[in-house]
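Given next are the chains, with one letter for each unit.
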Amino acid sequence: MIDGIRQWVEIESPTGDVAAVNAMLDCVAAGADGLAVRAERMRGAPGFGDILALRSLGAGERPGILVLSHVDTVHPRGTLGAALPFRRDGDRLYGPGIYDMKGGAYLAFEAFRTVIRRRTARLPIVFLFTPDEEVGSPFSRLLIEQEARRSRYVLVTEPARDGGKVVTARKGVGRFEAAATGVPAHSGGRHHDGRSAIKEMAGQVLAVEAMTDYARGITTTVGLISGGTAANVVPQHCRISIDLRVRDEEAGQEMTAKILGLEPVDRDVRLVVSGGMNRPPYRKSAATDALFRHAAALARELGFELDEAPMAGGGSDGNFTAALGIPTLDGLGIDGDGAHTEWEHALVSSIVPRTLLMRRLFETLS
Ligand SMILES: [Zn+2]
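Residues numbered from 1 in each chain as written. Predicted model: local features only at pLDDT ≥ 70, side-chain atom pairs only at ≥ 80, totals over all residues. Heavy atoms only, no water.

Caption draft 1: Just the overall build of the protein chain, in detail. Within the protein chain, the regular secondary structure consists of nine helices and 16 strands. Taking 21 Å as the expected radius of gyration for a compact globule of 366 residues, we find that the protein chain reaches 23 Å, a close match to that expectation. Once the C-alpha set of the protein chain is aligned to its principal axes, its extents read approximately 80 × 45 × 40 Å. Going through the 366 residues of the protein chain one by one, you find that 54% of them count as buried. In the protein chain, 77% of the contacts between residues at least 6 apart in sequence involve partners at least 24 apart. Just so you have it, the protein chain exposes about 15,800 Å², and 51% of that area is on carbon and sulfur atoms. Charge-centre separation for the protein chain: the mean point of 43 positive side chains lies 4 Å from the mean point of 46 negative side chains. (Helix = DSSP H or I, 4+ residues; strand = E, 2+ residues; numbered from the N terminus. Rg over C-alpha atoms; globule rule 2.2 N^0.38 Å. Buried < 20%, exposed > 50% of the residue type's maximum accessible area, 1.4 Å probe, protein only. Contact = heavy atoms within 4.5 Å. Areas by Shrake-Rupley, 256 points an atom, 1.4 Å probe, with all protein chains shown as cover. Lys, Arg positive; Asp, Glu negative; His and termini not counted. Charge placed at Lys NZ, Arg CZ, Asp CG, Glu CD.)

Here you go:
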């Protein structure tokens with residue numbers, strides 16, 4: 001299995017690199033060759049790789065299990081050759097995207113192949129490999145939601161949390177852009193004629209950051225800022241990107257209204273704010289809880305404890321399916337740490353237990 005994971009990790013596939021993401025999907029499709037599944041490939045929208053769906057055969061149209069794995073990573077091409085080559089150090093396997101989420105996608109795929117060969121799955125399985133999760137799934141969201149509506153359960157192979165915990169709730173994510181347009185002027189000769197977009201935005205940044213409310217689980221972050229043209233020009237333009245995380249739909253609406261309603265302090269500066277909620281909150285429903293308990297019982301049979309992580313701050317495609325009311329169990333992927341960093345690694349010791357757990361889920365969910 002380590003060799004298989006290595007093969008996937010060594011096909012670097014950053015989201016925007018269409019050819020690279022598609023090469024990764026070619027490799028997955030080749031792995032399904034000769035398997036009793038129907039493979040469907042949906043061509044990507046401009047700038048995105050394809051979507052690959054593998055459907056178990058002979059199951060009729062009964063609602064079944066939807067498995068969600070993304071094959072894109074955040075690591076630019078070349079990471080493998082420099083900062084993060086594939087290597088093993090004791091229990092740790094290093095490599096770009098190995099934890100988020102090629103390791104988890106691979107072990108779920110391995111479990112899928114086993115139950116297809118042995119014909120031991122009780123429900124039809126649709127395994128979706130998507131190209132754009134790391135940028136919010138703008139292209140694959142529609143298909144993910146379509147497939148989820150036809151499914152009884154959704155299993156997501158995002159990385160396990162500290163010590164192998166699964167995820168049953170995630171915050172909702174909002175993304176916003178704000179652009180200030182002031183009046184440019186020579187900073188020496190005509191300072192009084194200028195209206196600084198940066199000065200205006202500085203106030204807006206503090207206002208946005210002040211919306212963070214830890215007690216309510218609300219965070220606002222200005223993660224990007226740009227503006228100005230030269231040190232001696234009163235700047236005409238300044239832009240920021242805002243990230244919003246909320247626990248529930250109501251907070252999402254409230255904070256969206258607040259952010260979109262930002263007003264310029266200096267009336268001579270124009271402020272345009274756009275954006276909204278990207279991923280709805282993924283709240284643990286009773287059905288998701290039952291799914292988690294089922295998985296925990298299977299893990300116990302396999303000889304390990306399966307715990308759930310506290311509500312995750314990061315979003316995933318599980319947010320879309322949970323928001324539709326489909327029982328969704330996330331964080332079923334490989335254990336490890338360092339997602340999106342140059343010390344990203346997966347734990348070898350988690351491969352077998354989590355592959356078996358996935359297989360038992362396929363074999364017992366009904
Ligand atoms: Zn991921």
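Read on, since the account is not over.
Caption draft 2: Structural view of the coordination of the zinc ion. The zinc ion binds to the protein through His 70 (NE2), Asp 100 (OD) and Glu 158 (OE), with metal-donor distances spanning 1.9 to 2.1 Å. Written as a sequence motif, the donor arrangement for the zinc ion is H-x29-D-x57-E. Within this pair, whereas His 70 is found in strand 3 (residues 64-70), its partner Glu 158 is found in the loop between strand 7 (151-156) and strand 8 (172-181), the two being separated by 88 residues in sequence. Under the relative-accessibility criterion, His 70 is labelled buried at 1%. (Donors = N, O, S within 2.8 Å, 3.2 Å for Na, K, Ca; no water.)

Caption draft 3: Expanded view of empty space enclosed by the protein. Enumeration according to the criterion identifies one cavity of 30 Å³ or more in this entry. Space inside the largest cavity adds up to approximately 40 Å³. Looking at the largest cavity, the residues that line it are Val 9, Ile 11, Glu 12, Ser 13, Thr 73, His 75, Pro 76, Thr 79, Pro 96 and Lys 102. Broken down by class, the residue content of the lining of the largest cavity amounts to four nonpolar, four polar and two charged. (1 Å grid on protein atoms, 1.4 Å probe; cavity = no way out; pocket = protein on both sides within 12 Å on 5 of 7 lines; lining within 4 Å. Points joined across faces, edges and corners; volume = space filled by probe spheres on them. Nonpolar A, V, L, I, M, F, W, Y, C, P; charged D, E, K, R; others polar.)

Caption draft 4: The arrangement of the sheet that holds strand 13 (residues 270-279) in detail. Across the sheet, four strands lie side by side as 10-12-8-13; this open sheet has antiparallel pairing. Pairing within the sheet leaves two strands with one partner each, and these edge strands are strand 10 (219-227) and strand 13. Direction aside, the axes of adjacent strands within the sheet are offset by 15° on average. Packed on one face of the sheet, helix 5 (residues 197-209) meets strand 8, strand 10, strand 12 (237-246) and strand 13 and runs near 5° to strand 12. (Pairing = 2+ DSSP bridges. Axes fitted to C-alpha atoms, helices over the stretch in contact; angles between N-to-C directions.)

Caption draft 5: Examining the side chain of Ser 241 more closely. Along the polypeptide, Ser 241 turns up in strand 12. Under the relative-accessibility criterion, Ser 241 is labelled buried at 16%. The residues contacting Ser 241, other than those within four sequence positions of it, are Phe 176, Glu 177, Thr 221, Val 222, Gly 223 and Leu 224.

Caption draft 6: Inspection of the layout of surface pockets at higher detail. If you add up the space inside the largest pocket, you get close to 510 Å³. For the largest pocket, the lining is made up of 19 residues, of which Glu 133, Glu 134, Gly 314, Gly 315 and His 340 are closest to its centre. Put simply, the parts of the chain that give the lining of the largest pocket at least two residues each are helix 3 (98-118), strand 8 and strand 13. Per-class residue counts for the lining of the largest pocket are five nonpolar, five polar and nine charged.

Caption draft 7: Representation of the nonpolar core in the model. Within the largest apolar cluster, 57 residues are counted, with the highest numbers of intra-cluster contacts made by Phe 112, Phe 129, Leu 155 and Phe 362. By residue number, the principal contributor to this core is helix 3, which donates twelve residues. The residues contacting Phe 362, other than those within four sequence positions of it, are Ile 65, Val 67, Ala 108, Ala 111, Phe 112, Val 115, Thr 120, Ala 121, Arg 122, Ile 125 and Leu 155. (Core = buried A, V, L, I, M, F, W, Y, C linked by side-chain atoms within 4.5 Å.)

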